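# Notes for the structure review
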2 protein chains.
Amino acid sequence: MSDNKISTAVIKRLPRYYRYLGELIEMGVERISSNELSERMKVTASQIRQDLNNFGGFGQQGYGYNVKYLYDEIARILGLDRTHKVVIIGAGNLGRAIAGYGNFAKRGFLITAIFDINPELTGTDIGETKVSHLSELEEYARHNHIDIAALTIPKTQAVMVADRLYKLGVKAFWNFAHTDLNVPQDCVVESVHLSESLMRISYNLKSMEED
Amino acid sequence: MSDNKISTAVIKRLPRYYRYLGELIEMGVERISSNELSERMKVTASQIRQDLNNFGGFGQQGYGYNVKYLYDEIARILGLDRTHKVVIIGAGNLGRAIAGYGNFAKRGFLITAIFDINPELTGTDIGETKVSHLSELEEYARHNHIDIAALTIPKTQAVMVADRLYKLGVKAFWNFAHTDLNVPQDCVVESVHLSESLMRISYNLKSMEED
DNA sequence: GGAAGATTGTCAATTTTTAAACAAACTTTT
DNA sequence: AAAAGTTTGTTTAAAAATTGACAATCTTCC
């Protein structure tokens, strides 16, 4: 359908465009040029135009881009026009934080189940959702579709649970564990390695001092 | 001291090398070649050698790299040989998750204070740390050094609080709010935009279907 | 409705990043 | 202790990403 193969560098920037366009809508801005957007976002106008043109011509010469239209188009490109059923594995603070974040639901990411290995948590409520014991995962997956699994559990468990989930047909993993998952090629893995993020701060702080 | 200017692409990869080397140490591996490491990490050996050589020659021909030595050197490069005092702004689930994660302390990131705007949370304990009211931020900063501020608050507050923190001398921000901070150039900002991360999953799921 | 001004889409040039190749130098084996 | 085998550090080549430039074309103003 759309031309393969868009570079990952472009994909990484799309959500940020989307965020800025959303803010512009809230501000009541109807149109914007690549030049003005580039000043707000601190990127080059050329990059904005080239990124967008990977997916088609959304703008118009002499006018710029219609904010609402472009916003909706990017949503479509990103697949935000559909709903995604998300299960959370791990009902610790991180799992709770994700479950409780309302903005995800607004973008079509619905928390449909939460699992934890701790029996004491089984049956307790997190937001609208009841925590199930991890042993019920297979039974659940037999009756319910899972688009995305968020893994907010320690690394030792994460790799094994990802295996189990893959066997149940889950193809997308939002991995918060401090490890790489070992799932087959036909999966989407997006890792959020918080400790690596902190280390980059540490490096940048250090290298700032040295100038 | 060390040669400027290392590309950010290299810096992003360093923590991952560090993680793998840590695992090798746990496994009792004493030496490793770039070739073997490249197979484990699924990157090219050439990239590993070139990345490391930005900081000096840590290996030896015919031998490879001493795991423990390289591990320590990367720690030093990343600034993990010092301690960093971290304050958390926002005692919600995300703030709690960060405060409770013991591995950070192991790497020298010490949670020294937690602030929240909600008076009901003031005085409550999170791990070892008591929550203070956000209004006490200035008073606290006058008597205590802050290396890094973690912002786990909504976007509207995050930008303002970052301003306040900058005026108090804080130069590094770990930003979890869904916005860009507007702090001066002499700051380190590391943003963790979870919703953007989710959107990339959505895009990749969609583009996987289309093949 | 025509002229002046603005802005896109795209091509070309530049810069950055990644990968390949290989001489130099060390380790291991015999 | 010499030969055979490894493996690095570095150079060179290739690929990818970013930026610059501009004709084409739309909008706005008069």
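Owing to the predicted nature of the structure, the values given are computational and were not obtained by experimental measurement. (Residues numbered from 1 in each chain as written. Chains lettered and ligands numbered in written order. Predicted model: local features only at pLDDT ≥ 70, side-chain atom pairs only at ≥ 80, totals over all residues. Heavy atoms only, no water.)

## Brief notes about the overall build of chain A
Along chain A, the regular secondary structure elements total nine helices and ten strands. Dimensions of chain A, computed from the C-alpha atoms along their principal axes, are close to 60 × 50 × 35 Å. For chain A, the proportion of its 211 residues judged to be buried stands at 50%. Sequence separation of at least 24 residues holds for 54% of the intrachain contacts in chain A that already meet a minimum separation of 6. On chain A, roughly 10500 Å² of surface is accessible, and the fraction owed to carbon and sulfur atoms is 48%. In chain A, the 24 positive side-chain charges and the 26 negative ones have mean positions that sit 3 Å from each other. (Helix = DSSP H or I, 4+ residues; strand = E, 2+ residues; numbered from the N terminus. Buried < 20%, exposed > 50% of the residue type's maximum accessible area, 1.4 Å probe, protein only. Contact = heavy atoms within 4.5 Å. Areas by Shrake-Rupley, 256 points an atom, 1.4 Å probe, with all protein chains shown as cover. Lys, Arg positive; Asp, Glu negative; His and termini not counted. Charge placed at Lys NZ, Arg CZ, Asp CG, Glu CD.)

## Let's talk about the protein's contact with DNA strand C
For DNA strand C, the set of nearby residues contains 27 residues, the closest of which are Ser34, Arg49, Gly59 and Tyr65 of chain A together with Arg31 of chain B. Of everything in DNA strand C that lies within 4 Å of the protein, sugar and phosphate atoms constitute 64%. Between DNA strand C and Arg13 of chain B, the relevant distance is 3.0 Å, taken from a phosphate oxygen to a side-chain nitrogen or oxygen of the residue. One of the side-chain nitrogen or oxygen atoms of Gln61 of chain B is found 3.3 Å away from a sugar or linking oxygen of DNA strand C. If you list the elements that add at least two residues to the surface near DNA strand C, you get α3 (45-53), β2 (59-60) and β3 (64-66) of chain A together with α1 (8-26) and α3 (45-53) of chain B. If you tally residues by element for the surface near DNA strand C, the top one is α3 of chain B, at four residues. Tallied by class, residues from the surface near DNA strand C come to five nonpolar, 18 polar and four charged. (Near = heavy atom within 4 Å. Polar contact = N/O pair within 3.5 Å; in protein donor to acceptor, adjacent residues only side chain to side chain. Nonpolar A, V, L, I, M, F, W, Y, C, P; charged D, E, K, R; others polar.)

## Describing helix α2 (residues 34-41) of chain A
All names here are of chain A. Taken together, the buried positions of α2 are Ser34, Leu37, Ser38 and Met41. One side of α2 holds all its buried residues, which, seen down the axis, span an arc of 105 degrees. Looking at the packing, one finds that the buried side of α2 touches α1 (8-26), β1 (31-32), α3 and β3. After α2 finishes, the residue Lys42 shows a positive phi value of roughly 60 degrees. (Arc of directions from axis to C-beta.)

## Some thoughts on the sheet that holds strand β4 (residues 84-89) of chain B
Residue and element names in this part refer to chain B. With mixed pairing, the seven strands of this open sheet are ordered in space as β6-β7-β5-β4-β8-β9-β10. Only two strands of the sheet have a single partner each, and these edge strands are β6 (125-126) and β10 (188-191). Sheet strands in contact with helix α5 (residues 93-100) are β4, β5 (109-116), β6 and β9 (172-175), and its direction is about 160 degrees off that of β4. Strands β4, β8 (148-151) and β9 of the sheet are contacted by helix α8 (residues 155-167), whose axis makes an angle of about 165 degrees with β8. (Pairing = 2+ DSSP bridges. Axes fitted to C-alpha atoms, helices over the stretch in contact; angles between N-to-C directions.)

## Thoughts on the pattern of salt bridges
Following the criterion strictly, the structure yields 26 salt bridges over all chains and no others. The residue Glu139 of chain A makes a salt bridge to Arg142 of chain A at a minimum N-O spacing of 3.2 Å. Highlighted residues: Glu139 of chain A and Arg142 of chain A, both in helix α7 (residues 137-143), separated by three residues, approximately one helical turn. Between Asp180 of chain A and Arg19 of chain B there is a salt bridge, and its shortest N-O distance comes to 3.0 Å. Taken together, the positions of Asp180 of chain A in the loop between β9 (172-175) and β10 (188-191) and Arg19 of chain B in helix α1 put the pair across two chains. (Salt bridge = Lys/Arg side-chain N within 4 Å of Asp/Glu carboxyl O.)

## Some points on the side chain of His84 of chain B
Within the secondary structure, His84 of chain B is located in strand β4. Taking the relative accessible area as the measure of exposure, His84 of chain B reaches 4% and is therefore buried. Within the structure, His84 of chain B has its side chain in polar contact with the side chain of Ser202 of chain A (distance 3.5 Å). Apart from the residues lying within four places of it in its own chain, the contact partners of His84 of chain B are Ser202 and Leu205 of chain A together with Gly79, Gly108, Phe109, Leu110, Asp147 and Ile148 of chain B.

## Focus: the domain arrangement of chain A
In terms of domains, chain A is made up of domain 1 (3-77) and domain 2 (84-195). Computed over C-alpha atoms only, the centres of domain 1 of chain A and domain 2 of chain A are separated by 32 Å. (Domains from an automatic or database assignment.)

## Digging into the interface of chain B and chain A
The interface is formed by 62 residues belonging to chain B together with 62 residues belonging to chain A. Across the chain B/chain A interface, buried area totals approximately 5800 Å², and carbon plus sulfur atoms make up 60% of it. It is Leu198, Met199 and Tyr203 of chain B that lose the most area in chain B upon contact with chain A, and together they represent 12% of the buried surface on that side. Where chain B meets chain A, there are ten salt bridges. The tally of links between chain B and chain A comes to 29 residue pairs in polar contact (both at pLDDT 80 or more). Counting residues per element, the side of chain B that touches chain A draws most heavily on helix α9 (residues 194-209) of chain B, at 15 residues. Tallied by class, the residues present in the side of chain B that touches chain A amount to 30 nonpolar, 13 polar and 19 charged. (Buried area = accessible area lost by both parts, 1.4 Å probe.)

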